[in-house]
Amino acid sequence: MSNIQKQIEEIEAEMARTQKNKATNYHLGTLKAKLAKLRSELVNGPGGKSAGSKDAGRGFDVTKSGDTRVGLVGFPSVGKSTLLTTLTGTRSEAAAYEFTTLTCIPGTMKYKGARIQVLDLPGIIEGAAEGKGRGRQVISTARTCNLILVVLDSGKPLTHKKIIEAELFSFGIRINQSPPNVKLTKKDAGGIDYQEMVPQTKGMNPEVCRMVCREFKISCAQIILREDITVDQFIDVIEGNRAYIPVLYVFNKIDSLTIEELDILDQMPNYVPISSQHEWNLEELMEEIWSRCNMLRIYTKPKGQIPDYDEPVILHSEGNPSVEEFCNRIHRSLMDQFSHAWVWGRSAKHQPQRCGKEHRLMDEDVVQIVKKAG
């Protein structure tokens, strides 16, 4: 492992020395591809198993429950355990010394009818992706979450934020990004078929593409770039094991800050200031969790009865989910007997509207499923 770490440091040093321009694009692309392979080997062991596979450092054995899963990630003693206790009522030991939490503590909170599982993960330190301080277990569990809350101490330097971002990046987690719009199809013959649907201004060109493919032992493939991407993003597509997870930065202990310091923090994107001890601003935090997990409430209505507003069906969708997705969320076999649905709410043109399985639902719609006769 130390030999791999040494090679990584040498490549990083060479990249730092190299000027970035069109003439050095090819050389920098080669270095980035080699660096990605070495990091994958460092995290997953020899043989380059996929990050997040069962051989890549197992996470904590916590059964997934509820409608969505949120993980609390941060340095030791930033208030993760207090936040879990405040949000869910689950007692997680909190003390004045570091590394109080040694395993994953799950809790469940209810918000807008949704059951949200919150995981209090042990504090991570620099070098976590390489296995320091149970770091691989922590980050492996974080990969299974729908949203990661990076909990930071408002009174400590922002370098902690950069360190956590680097550790998550090293383990294959891409925060607040969407997968690159790139089609990669491996073939048996024909060489590398490289196509650009949009102009590439961030370093990608046919030579760099072929060099990166050669580094990953891909000799024949069709590659179509449908957006302007970097070499790093192209390497992510080839590796195929990245987790694209939304991240929210939670600045805890704001009771120790002045108004001027809060104004400075307010310039940061994707952040919520709170005080878990005094329960300040927790409503905004829960609203941000709800919106970033793209959750929608759909109420069921049995025939001849009033809708069940206490237990909505929670769907995750960046767009509007269809009636078919709603049925599959209830039970996979429901679509075999599906005839049509009656829909009340914002998505209906009139109340109620008879709809097929393709109809797009909106938040707080009421749906009644009608099965086939006989």
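Residues numbered from 1 in each chain as written. Predicted model: local features only at pLDDT ≥ 70, side-chain atom pairs only at ≥ 80, totals over all residues. Heavy atoms only, no water.

Draft legend 1. How the structure looks around helix H9 (residues 282-292). Taken together, the buried positions of H9 are Leu-282, Leu-285, Met-286, Ile-289 and Trp-290. Take H9 and look down its axis: the buried residues cluster within an arc of 140°, on one side only. (Buried < 20%, exposed > 50% of the residue type's maximum accessible area, 1.4 Å probe, protein only. Helix = DSSP H or I, 4+ residues; strand = E, 2+ residues; numbered from the N terminus. Arc of directions from axis to C-beta.)

Draft legend 2. A look at the packing of helix H6 (residues 206-215) against helix H7 (residues 231-239). At their nearest, the axes of H6 and H7 sit 11 Å apart, and the two run at 40° to each other. By the criterion of interaxial angle, the relationship of H6 to H7 is oblique. Relative to H7, H6 is oriented so that their crossing is right-handed. Here H6 contributes Val-208, Cys-209, Val-212 and Cys-213 to the contact with H7, which in turn contributes Val-231, Phe-234, Ile-235 and Ile-238. (Axes fitted to C-alpha atoms, helices over the stretch in contact; angles between N-to-C directions. Parallel < 35°, antiparallel > 145°, perpendicular 65-115°, else oblique. Left-handed = near helix turned anticlockwise from the far one by under 90°. Contact = heavy atoms within 4.5 Å.)

Draft legend 3. Here's a closer look at the environment of Arg-39. By the element assignment, Arg-39 lies in helix H2 (residues 25-44). Its relative accessible area of 25% is what places Arg-39 among the partly exposed residues. Beyond its immediate chain neighbours, meaning those up to four positions away, Arg-39 contacts Ile-8, Glu-12 and Phe-169.

Draft legend 4. Seen up close, the packing of aromatic side chains. This model, assessed by the stated rule, comprises 3 aromatic pairs. Arranged with centres 6.3 Å apart and planes meeting at 70°, the rings of Tyr-111 and Trp-290 form a pair that is edge-to-face. One end of the pair, Tyr-111, is in strand S2 (residues 105-111); the other, Trp-290, is in helix H9, and 179 residues separate them in sequence. For the residue pair Tyr-111 and Trp-290, the accessibility class agrees, reading buried in each case. Plain terms: the ring middles of Phe-251 and Tyr-271 are 5.7 Å apart, the flat faces sit at 70° to each other, and that makes the pair edge-to-face. Taken together, the positions of Phe-251 in strand S10 (residues 247-252) and Tyr-271 in strand S11 (residues 271-273) put the pair 20 residues apart, joining distant regions of the chain. (Phe/Tyr/Trp six-rings, centres within 6.5 Å; stacked < 30°, edge-to-face > 60°.)

Draft legend 5. Structural context of the sheet that holds S11. One open sheet holds the 6 strands; their spatial order is S2-S3-S1-S4-S10-S11, and the pairing between them is mixed. Bordering the open sheet on either side are S2 and S11, each of which pairs with just one other strand. Across the sheet, the mean angle separating the axes of adjacent strands is 25° when strand polarity is ignored. Relative to strand S3 (residues 114-120), strand S1 (residues 68-74) runs parallel, the two sharing 5 bridges. Note on S3: the bridge partner recorded for Thr-68 is Ile-116. (Pairing = 2+ DSSP bridges.)

Draft legend 6. Summary view of the pattern of salt bridges. Using the criterion set out here, one finds 13 salt bridges in the structure. Two residues, Glu-287 and Lys-112, come together in a salt bridge whose shortest N-O distance is 3.1 Å. Here Glu-287, found in helix H9, pairs with Lys-112, found in the loop between S2 and S3; they are 175 residues apart in sequence, far enough to count as distant. Residue classification places Glu-287 among the partly exposed positions, given a relative accessible area of 33%. When its relative accessible area of 30% is taken as the criterion, Lys-112 is described as partly exposed. Linking Arg-297 and Glu-364 is a salt bridge whose minimum nitrogen-to-oxygen distance equals 3.6 Å. Highlighted residues: Arg-297 in strand S12 (residues 295-300) and Glu-364 in the loop between strand S15 (353-355) and strand S16 (365-371), separated in sequence by 67 residues. One network of salt bridges, in which partners are shared, links Arg-174, Asp-236, Glu-239 and Arg-242. (Salt bridge = Lys/Arg side-chain N within 4 Å of Asp/Glu carboxyl O.)

Draft legend 7. Molecular detail of the confidence of the model for the protein. Averaged over every residue, the pLDDT of the protein is 85; the share at 70 or more is 89%. Mean pLDDT per element in the protein: H2 is the minimum at 78, and S15 is the maximum at 95. A low-confidence stretch, residues 48-57 (pLDDT under 50), is modelled with 21 contacts involving residues beyond four sequence positions or located in other chains. (pLDDT = per-residue confidence, 0-100.)

Draft legend 8. Here's a closer look at the sheet that holds S15. The sheet built from 5 strands is open, its strands ordered S13-S12-S16-S14-S15 with mixed pairing. Looking at the sheet topology across the chains shown, the edges are occupied by strand S13 (313-316) and S15. Taken over all neighbouring pairs, the strand axes of this sheet differ in orientation by 35° on average, direction set aside. Helix-sheet contacts for helix H10 (residues 323-330) involve S12, S13, strand S14 (338-344) and S16, and the interaxial angle to S13 is about 120°.

Draft legend 9. Expanded view of the side chain of Asp-363. Along the chain, the position of Asp-363 falls in the loop between S15 and S16. Among the polar contacts listed, one links the side chain of Asp-363 to the backbone nitrogen of Arg-297, at a separation of 2.8 Å. (Polar contact = N/O pair within 3.5 Å; in protein donor to acceptor, adjacent residues only side chain to side chain.)

Draft legend 10. Region of interest: the side chain of Ser-81. Here Ser-81 is to be found in helix H3 (residues 80-88). Judged by its relative accessible area of 9%, Ser-81 falls in the buried class. Of note is the side chain of Ser-81, whose polar atom sits 2.9 Å from the side chain of Asp-120.

Draft legend 11. Looking closely at the nonpolar core. Membership of the largest hydrophobic core comes to 55 residues, with the highest contact counts inside it found for Leu-83, Ile-116, Leu-149, Leu-285 and Ile-289. Of all the elements, strand S4 (residues 147-153) adds the most residues to this core, at 6 residues. Excluding its chain neighbours within four sequence positions, the residues that come into contact with Leu-149 are Val-70, Gly-71, Leu-72, Val-73, Leu-248, Val-250, Leu-285 and Ile-289. (Core = buried A, V, L, I, M, F, W, Y, C linked by side-chain atoms within 4.5 Å.)

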